[in-house]
Amino acid sequence: MTIDELRILRGLSMTKLCEAAGLSMGAVFKLTRPGAELERARLDTVMKLAAGLGAVITVDPEGVTIRPKEEKR
């Protein structure tokens, strides 16, 4: 699931996501554009984004993934 898909699932506009995550529009835009790599983002930024989305992040050798808290792995 992409960040944008998760944002839409949560019913959040980009502005509301920025407010919920405590991030600037520029930071959120960089992470939601096609081809964005969460692996290259700062961990604290990804953590704030996940908190704003009510999501869980997973970091492993395969990369970084973000998913809804209620979704099973």
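### Details of the overall build of the protein chain
Link 1 in the chain: Broken down by element type, the protein chain carries 4 helices and 2 strands.
Link 2 in the chain: Reading the secondary structure of the protein chain in the N-to-C direction produces α-α-α-α-β-β.
Link 3 in the chain: The C-alpha radius of gyration computed for the protein chain amounts to 11 Å, which stays within 12% of the reference 11 Å derived for 73 residues, consistent with globular compactness.
Link 4 in the chain: Based on the C-alpha atoms only, the size of the protein chain along its principal axes is roughly 30 × 25 × 20 Å.
Link 5 in the chain: The buried share of the protein chain, taken over its 73 residues, is 36%.
Link 6 in the chain: The long-range share in the protein chain, meaning contacts at least 24 apart out of those at least 6 apart in sequence, stands at 44%.
Link 7 in the chain: When the accessible surface of the protein chain is summed, it comes to about 4,800 Å², and 55% of that surface belongs to carbon and sulfur atoms.
Link 8 in the chain: A distance of 5 Å separates the average location of the 12 positive side-chain charges in the protein chain from that of its 10 negative side-chain charges.

### Quick word on the confidence of the model for the protein chain
Link 1 in the chain: When pLDDT is averaged across the protein chain, the result is 89; 96% of the residues are at 70 or more.
Link 2 in the chain: Averaged pLDDT values over the elements of the protein chain bottom out at 86 in strand 2 (residues 63-68) and peak at 96 in helix 2 (residues 14-21).

### A closer look at the pattern of salt bridges
Link 1 in the chain: Across all of its chains, the model carries 3 salt bridges by this definition.
Link 2 in the chain: Between glutamate 19 and lysine 16 there is a salt bridge, and its shortest N-O distance comes to 3.8 Å. With glutamate 19 and lysine 16 both in helix 2 and 3 residues apart, this pair spans about one turn of that helix.
Link 3 in the chain: By relative accessible area, lysine 16 is classed as partly exposed at 48%.

### Overview of the pairing of strand 2
In the case of a regular strand, side chains alternate between the two sheet surfaces.
Link 1 in the chain: The element strand 2 is extensively covered by neighbouring structure, given that 5 of its 6 residues are classed as buried.
Link 2 in the chain: Bridge analysis of strand 1 (residues 55-60) against strand 2 gives 6 bridges, and the strand direction is antiparallel. The partner of aspartate 60 across the bridge, within strand 2, is glycine 63.
Link 3 in the chain: Between the end of strand 1 and the start of strand 2, which pair antiparallel, lie 2 residues.

### Concerning helix 3 (residues 25-32)
Link 1 in the chain: Burial in helix 3 covers these residues: Val28, Leu31 and Thr32. Considered in projection along helix 3, the buried side chains sweep an arc of 95° and stay on one side of the axis. The outward face of helix 3, more than 90 degrees from its buried face, is lined by the exposed residues Phe29 and Lys30.

The rules behind these values
Residues numbered from 1 in each chain as written. Predicted model: local features only at pLDDT ≥ 70, side-chain atom pairs only at ≥ 80, totals over all residues. Heavy atoms only, no water. Helix = DSSP H or I, 4+ residues; strand = E, 2+ residues; numbered from the N terminus. Rg over C-alpha atoms; globule rule 2.2 N^0.38 Å. Buried < 20%, exposed > 50% of the residue type's maximum accessible area, 1.4 Å probe, protein only. Contact = heavy atoms within 4.5 Å. Areas by Shrake-Rupley, 256 points an atom, 1.4 Å probe, with all protein chains shown as cover. Lys, Arg positive; Asp, Glu negative; His and termini not counted. Charge placed at Lys NZ, Arg CZ, Asp CG, Glu CD. pLDDT = per-residue confidence, 0-100. Salt bridge = Lys/Arg side-chain N within 4 Å of Asp/Glu carboxyl O. Pairing = 2+ DSSP bridges. Arc of directions from axis to C-beta.

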